[in-house]
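Results of the structural survey
Chain by chain, the residues:
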Amino acid sequence: MQPTHPTFTTGRTSRRLSDDDKAAVLAAVAAFTLPATLPPVLELELGIGNGAAMAARARANPQRFYLGSDVYLNGLAQAARAAQGLDNVALTNLDARDLLATLPPSSVQRVVVPHPDPWPKASHHKRRLVQPAFLSACARVLQPGGELWVVTDWPDYAFHTLAMLYHHPLLPLHQTTEAAGRCKVKPAGAGAAPLGPQALAQPPAWWVPTKYQQKAAALGREAWFIQAVRRG
Ligand SMILES: C[S@@+](CC[C@H](N)C(=O)[O-])C[C@H]1O[C@@H](n2cnc3c(N)ncnc32)[C@H](O)[C@@H]1O
């Protein structure tokens, strides 16, 4: 499939790959086809990085099916290794937005966006993955009652997401975090409505820390777990 969006990433989309890694990633990506009948409990992870966290969740939850996307081929090569032997994982290098567009409506139980590229400069905010059209694409594929999770260690990205979700007709905020409540940064611009009651949100019980989350934690930045639930 031809990409339909410019892909912005603060990382590279590939570095030199060893022959083994190249073979692993090409095999993993080639193996990706949407089954005619989608698994009943499908979880999407958009921007999986090295895929280790998603593979650990897949190992712990064999009844769920995990579909992971990343545009960074080297990360996908690591993800392919992490997912070896798991038959409830599929990987693709489709841009997250193109992957969302291929999926039927109401086919996904959970969408996870772990530590999207932060694009901290204001002039780059339009490059952020979380945008109104992206959220609407998530809402389209989610089943009623399905969950969207955006996890970020950037306060400004958290408020960017919260402000957009606050106004989204199909993805009402379920909870935010104590950290968000304590955060000094406030949403700005047109989305600067009050955020409403913010319940404490610990990582959900099924969460496995990601590589970026661990790196951020080592630098003293805690993660925000923002959840919205697809309206029925
Ligand atoms: C900051 S890294 C986080 C990686 C991983 N989720 C983690 O927490 O360790 C963001 C990832 O999103 C990927 N990415 C950026 N834009 C993307 C897009 N449009 N579609 C799919 N992946 C994307 C990047 O290649 C990168 O691997």
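Rules of the game
- Residues numbered from 1 in each chain as written.
- Predicted model: local features only at pLDDT ≥ 70, side-chain atom pairs only at ≥ 80, totals over all residues.
- Heavy atoms only, no water.
- Helix = DSSP H or I, 4+ residues; strand = E, 2+ residues; numbered from the N terminus.
- Buried < 20%, exposed > 50% of the residue type's maximum accessible area, 1.4 Å probe, protein only.
- Contact = heavy atoms within 4.5 Å.
- Areas by Shrake-Rupley, 256 points an atom, 1.4 Å probe, with all protein chains shown as cover.
- Near = heavy atom within 4 Å.
- Polar contact = N/O pair within 3.5 Å; in protein donor to acceptor, adjacent residues only side chain to side chain.
- Nonpolar A, V, L, I, M, F, W, Y, C, P; charged D, E, K, R; others polar.
- Phe/Tyr/Trp six-rings, centres within 6.5 Å; stacked < 30°, edge-to-face > 60°.
- Lys NZ or Arg CZ within 6 Å of the ring centre and 35° of its normal.
- Expected span 1.5 Å × (residues − 1).

It is worth spelling out the overall build of the chain at this point. Looking only at helices and strands, one finds eight helices and seven strands in the chain. Scored against the burial criterion, the 232 residues of the chain give a buried share of 48%. Of the contacts formed within the chain by residues at least 6 apart in sequence, a portion of 78% connects residues at least 24 apart. Surface accessibility of the chain: about 11,300 Å² in total, with carbon and sulfur atoms responsible for 57%.

What follows is about the site of the ligand. What surrounds the ligand is a group of 19 residues, the closest being Gly47, Asp70, Ala96, Pro114 and Thr210. With respect to the ligand, the side chain of Asp95 contributes an N or O atom lying 3.1 Å from a nitrogen atom. A total of 590 Å² of accessible area belongs to the ligand in isolation, and the protein chains cover 94% of it. Mapped by element, the contributors of at least two residues to the shell around the ligand are helix 4 (96–102) and helix 8 (211–218). Grouping the constituent residues of the shell around the ligand by class yields eight nonpolar, six polar and five charged.

The description of an aromatic ring pair uses the distance of the two centres, along with the angle that the planes make with each other. Per the stated rule, a full pass over the model turns up three aromatic pairs. Judged by centre distance (5.5 Å) and plane angle (85 degrees), the ring pair of Trp149 and Trp206 falls under edge-to-face. Of this pair, Trp149 sits in strand 5 (residues 142–152) while Trp206 sits in the loop between helix 7 (178–182) and helix 8; the two residues are 57 residues apart in sequence, bridging distant segments of the chain. Summarising the burial analysis for this pair, Trp149 and Trp206 share the class buried. Seen from their ring centres, Trp207 and Phe225 are 5.3 Å apart, and the 85 degrees between their planes marks the pair as edge-to-face. Of this pair, Trp207 sits in the loop between helix 7 and helix 8 while Phe225 sits in strand 7 (residues 224–229); the two residues are 18 residues apart in sequence, bridging distant segments of the chain. One exposure class covers both Trp207 and Phe225, and it is buried. One aromatic cluster is present, formed by Trp149, Trp206, Trp207 and Phe225 through successive ring pairs. Positioned above the aromatic ring of Trp206 is the side chain of Arg110, whose terminal nitrogen or guanidinium carbon lies 3.7 Å from the ring centre. For the cation-ring pair, Arg127 lies above Trp119, with the distance from its terminal atom to the ring centre recorded as 5.1 Å.

Attention shifts here to helix 6 (residues 155–166). Its 12 residues place the ends of helix 6 16 Å apart at the C-alpha level, agreeing with the 16 Å of an ideal helix rising 1.5 Å per residue. Buried residues dominate helix 6, accounting for nine of its 12 residues. Taken together, the buried positions of helix 6 are occupied by Tyr157, Ala158, Phe159, His160, Thr161, Leu162, Ala163, Met164 and Leu165.

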